[in-house]
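The primary structure of each chain is shown beneath.
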Amino acid sequence: MSEADNRRLLEKILCVLKLAHSKEIVKSKEIILKNDTKHKIYSLCDGKHTVTDIAKELRTTQPNVSYHLSSMLETGLILYEDVGGKRYYFKTLE
């Protein structure tokens, strides 16, 4: 195989992997968001919010929010950005 053939093959493999990952995220989203607390957290993350912001809004504890965010981070539903010593969470999918 030529280098160009190898490159095309790798690009095809990458596309298949991205598609499979996207489908897995959608499936995970459906399963995770059946949990009422996770659904509320996900709804709040239209903008960037800290754990403290989310806990205050939901009238719950920071450890409870962190617990739910961990599974959402694991599946890629939520991402975070560290800014000035604070961690802000936001949605990755709609």
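Everything here concerns the structure above.
On a predicted model such as this, the values are computed, not experimentally measured, just so you know.

1. Some details on the overall build of the chain
When you go through the chain residue by residue, the secondary structure sums to four helices and two strands. Across the chain, helices and strands are ordered from the amino to the carboxyl terminus as α-α-α-α-β-β. Counting every position in the chain, which comprises 94 residues, the buried fraction comes to 24%. Pairs at least 24 residues apart make up 51% of the contacts formed inside the chain by residues separated by at least 6 positions. Here the chain displays about 6800 Å² of accessible surface, and carbon together with sulfur accounts for 55% of that area.

2. Focus: the packing of aromatic side chains
This structure, assessed with the given rule, holds one aromatic pair. Pairing Tyr80 with Tyr89 gives two aromatic rings, centres 6.1 Å apart and planes at 55°, and the pair type is tilted. Here the basic side chain of Lys48 rests over the ring of Phe90, its NZ or CZ set 5.3 Å away from the ring centre. Taking the ring centre of Tyr80 as reference, the NZ or CZ of Arg87 above it sits at 3.7 Å.

3. Observations regarding the packing of helix α2 (residues 36-44) against helix α4 (residues 62-75)
Two numbers describe how α2 lies on α4: the axes approach to 10 Å, and their chain directions differ by 80°. Relative to α4, α2 is oriented roughly perpendicular. On α4, the residues touching Thr37, Lys38, Ile41 and Tyr42 of α2 are Asn64, Val65, Tyr67, His68, Leu69, Ser71 and Met72. Of the residues assigned to the contact of α2 with α4, the class counts are six nonpolar, four polar and one charged.

4. As for the pattern of salt bridges
Scanning all chains against the criterion turns up five salt bridges. Put simply, Lys40 and Asp36 hold a salt bridge, and the shortest N to O gap is 3.3 Å. One end of the pair, Lys40, and the other, Asp36, are both in helix α2, four residues apart, so they sit about a helical turn from each other. Accessibility expressed as a relative area gives 41% for Lys40, which makes it partly exposed. Its salt-bridge partner being Lys91, residue Asp46 comes within 2.8 Å of it at the nearest N-O pair. On the criterion of sequence distance, the pair formed by Asp46 in the loop between α2 and α3 (51-58) and Lys91 in strand β2 (residues 86-91) is long-range, its members being 45 residues apart. For Asp46, a relative accessible area of 59% puts it in the exposed group.

Criteria and cut-off values
- Residues numbered from 1 in each chain as written.
- Predicted model: local features only at pLDDT ≥ 70, side-chain atom pairs only at ≥ 80, totals over all residues.
- Heavy atoms only, no water.
- Helix = DSSP H or I, 4+ residues; strand = E, 2+ residues; numbered from the N terminus.
- Buried < 20%, exposed > 50% of the residue type's maximum accessible area, 1.4 Å probe, protein only.
- Contact = heavy atoms within 4.5 Å.
- Areas by Shrake-Rupley, 256 points an atom, 1.4 Å probe, with all protein chains shown as cover.
- Phe/Tyr/Trp six-rings, centres within 6.5 Å; stacked < 30°, edge-to-face > 60°.
- Lys NZ or Arg CZ within 6 Å of the ring centre and 35° of its normal.
- Axes fitted to C-alpha atoms, helices over the stretch in contact; angles between N-to-C directions.
- Parallel < 35°, antiparallel > 145°, perpendicular 65-115°, else oblique.
- Nonpolar A, V, L, I, M, F, W, Y, C, P; charged D, E, K, R; others polar.
- Salt bridge = Lys/Arg side-chain N within 4 Å of Asp/Glu carboxyl O.

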